Amino acid sequence: MDFSIENKDGLTIVRFHVGNVSLFESRSLQSSIEKSTEDERVLALDLSSVEHMDSSALILFLKLSENLNLRGGFLILFGIRDSIKSLMTLTYLDHIVEIVATEADAIEIGTQTKNPREFVTSLNQALIFRGESRYHVIPYSEITHLESDGRATTVHTLKENYRTNKLLKDMETRIVSSIFLRIHKSYVVNMNYVNGMQYSVGGMYSIFLRDQANTSLPVGRMYVQRIKAFLGLGTD
């Protein structure tokens with residue numbers, strides 16, 4: 001068989017045993033995997049043996065993910081070679097399924113809840129990312145802002161800050177809440193935490209956050225009108 005199934009630490013893992021996955025193989029794999037895991041709501045696919053995969057084969061993951069979502073679950077991929085990971089990034093598959101580096105990462109994210117439906121709901125209300133040593137699922141309501149230093153991003157909350165090697169633009173694409181706005185090339189802000197906006201001589205604006213430090217952040221010129229409109233300050 002082209003795959004095997006095992007349960008490890010409470011997570012169902014499907015291990016691929018093929019080096020190449022084309023459109024033809026993907027259709028056969030999809031049908032066989034779905035029949036073998038029809039009662040599962042969370043699946044992790046081990047792709048460490050897959051050396052090549054063409055773009056047409058990605059439909060396999062889309063279909064599996066779609067069916068798991070309908071059952072209130074989700075799909076995790078791990079052990080992916082860099083060439084295949086690049087393909088998934090180009091096709092935005094990494095925005096649809098959870099892609100992690102190792103089996104341990106998959107087990108951590110796949111077993112952190114006993115109710116997958118609640119977890120899927122939480123994913124729609126939270127920012128999920130890999131930090132310096134583990135994955136984090138941070139509710140949007142707890143995030144005050146995201147800050148870039150040009151090479152990495154820091155996610156600020158009222159209690160703690162989390163650093164990730166993801167660029168700010170990549171983190172921004174993961175946020176599905178309209179309450180977060182870009183205010184500067186280095187900042188994305190949760191507007192629920194904005195306490196005010198101030199004009200300075202020279203045409204510069206700053207916003208102030210409702211956090212313990214009363215954080216002040218600069219507003220880039222190209223974002224001023226949008227932020228003023230959001231705050232109901234007019235666009236003069």
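Up top you'll find the structure we're talking about.
Rules of the game
- Residues numbered from 1 in each chain as written.
- Predicted model: local features only at pLDDT ≥ 70, side-chain atom pairs only at ≥ 80, totals over all residues.
- Heavy atoms only, no water.
- Helix = DSSP H or I, 4+ residues; strand = E, 2+ residues; numbered from the N terminus.
- Buried < 20%, exposed > 50% of the residue type's maximum accessible area, 1.4 Å probe, protein only.
- Areas by Shrake-Rupley, 256 points an atom, 1.4 Å probe, with all protein chains shown as cover.
- Lys, Arg positive; Asp, Glu negative; His and termini not counted.
- Charge placed at Lys NZ, Arg CZ, Asp CG, Glu CD.
- Axes fitted to C-alpha atoms, helices over the stretch in contact; angles between N-to-C directions.
- Parallel < 35°, antiparallel > 145°, perpendicular 65-115°, else oblique.
- Left-handed = near helix turned anticlockwise from the far one by under 90°.
- Contact = heavy atoms within 4.5 Å.
- Pairing = 2+ DSSP bridges.
- Salt bridge = Lys/Arg side-chain N within 4 Å of Asp/Glu carboxyl O.

(A) Fine view of the overall build of the protein. For the protein, the count of helices and strands is seven helices and 17 strands. Dimensions of the protein along its principal axes, counting C-alpha atoms only, are 70 × 35 × 30 Å. Expressed as a percentage of the 236 residues in the protein, the buried residues total 47%. For the protein, the exposed surface amounts to about 12,500 Å²; the carbon and sulfur share of it is 47%. Within the protein, the 28 negative side-chain charges are centred at a point lying 6 Å from the centre of the 25 positive side-chain charges.

(B) Representation of the packing of helix 1 (residues 23–36) against helix 2 (residues 59–70) within the structure. Axis separation between helix 1 and helix 2 bottoms out at 9 Å; the angle between their running directions is 20°. In terms of orientation, helix 1 lies roughly parallel with respect to helix 2. Helix 2 is crossed by helix 1, and the crossing has right-handed handedness. From helix 1, Leu23, Ser26, Leu29, Gln30, Ile33 and Glu34 reach across to helix 2, where they touch Ile59, Leu60, Lys63, Leu64 and Asn67.

(C) Quick look at the sheet that holds strand 11 (residues 153–157). Strands sit in the order 12-11-10-14-13 across an open sheet of five strands; the sheet is antiparallel. Each of the sheet's edge strands pairs with one partner strand only, and the pair in question is strand 12 (161–164) and strand 13 (180–184). Taken pair by pair, the neighbouring strands of this sheet meet at an average axis angle of 20°, ignoring direction. Looking at chain direction, strand 10 (residues 143–148) and strand 14 (residues 187–190) are connected through three bridges and run antiparallel. Each bridged residue has a counterpart across the sheet, and for Leu146 the counterpart in strand 14 is Val188.

(D) Just the environment of Pro218, in detail. Mapped onto the elements of the fold, Pro218 is located in strand 17 (residues 216–219). Pro218 gets classed as partly exposed once you look at its relative accessible area, which sits at 29%. Each C-alpha atom, one on Pro218 and one on Leu93, is 34 Å from the other, the two residues being 125 residues apart in sequence. In this structure Pro218 touches Ile183, His184, Tyr187, Tyr205 and Ser206, once residues within four positions along its chain are discounted.

(E) Broad picture of the pairing of strand 4 (residues 42–46). Here strand 4 lies mainly inside the structure; five of its five residues are buried. Side chains Val42, Ala44 and Asp46 of strand 4 all project onto a buried face; the interleaved residues Leu43 and Leu45 project onto the opposite face, where all are buried too. In this structure, strand 4 lies alongside strand 6 (residues 74–78), joined through five bridges in parallel fashion. Among the inter-strand pairings, Leu43 is bridged to a residue of strand 6, identified as Leu75.

(F) Fine view of the pattern of salt bridges. For the coordinates displayed, the defined rule picks out six salt bridges. With a closest N to O distance of 2.8 Å, Asp46 and Arg15 form a salt bridge. Note that Asp46 is positioned in strand 4 and Arg15 in strand 2 (residues 11–16), a separation of 31 residues in sequence. With respect to burial, Asp46 and Arg15 carry one shared label: buried. Put simply, Glu6, Lys8, Arg15, Asp46 and Glu103 are held in one network by salt bridges that share partners.

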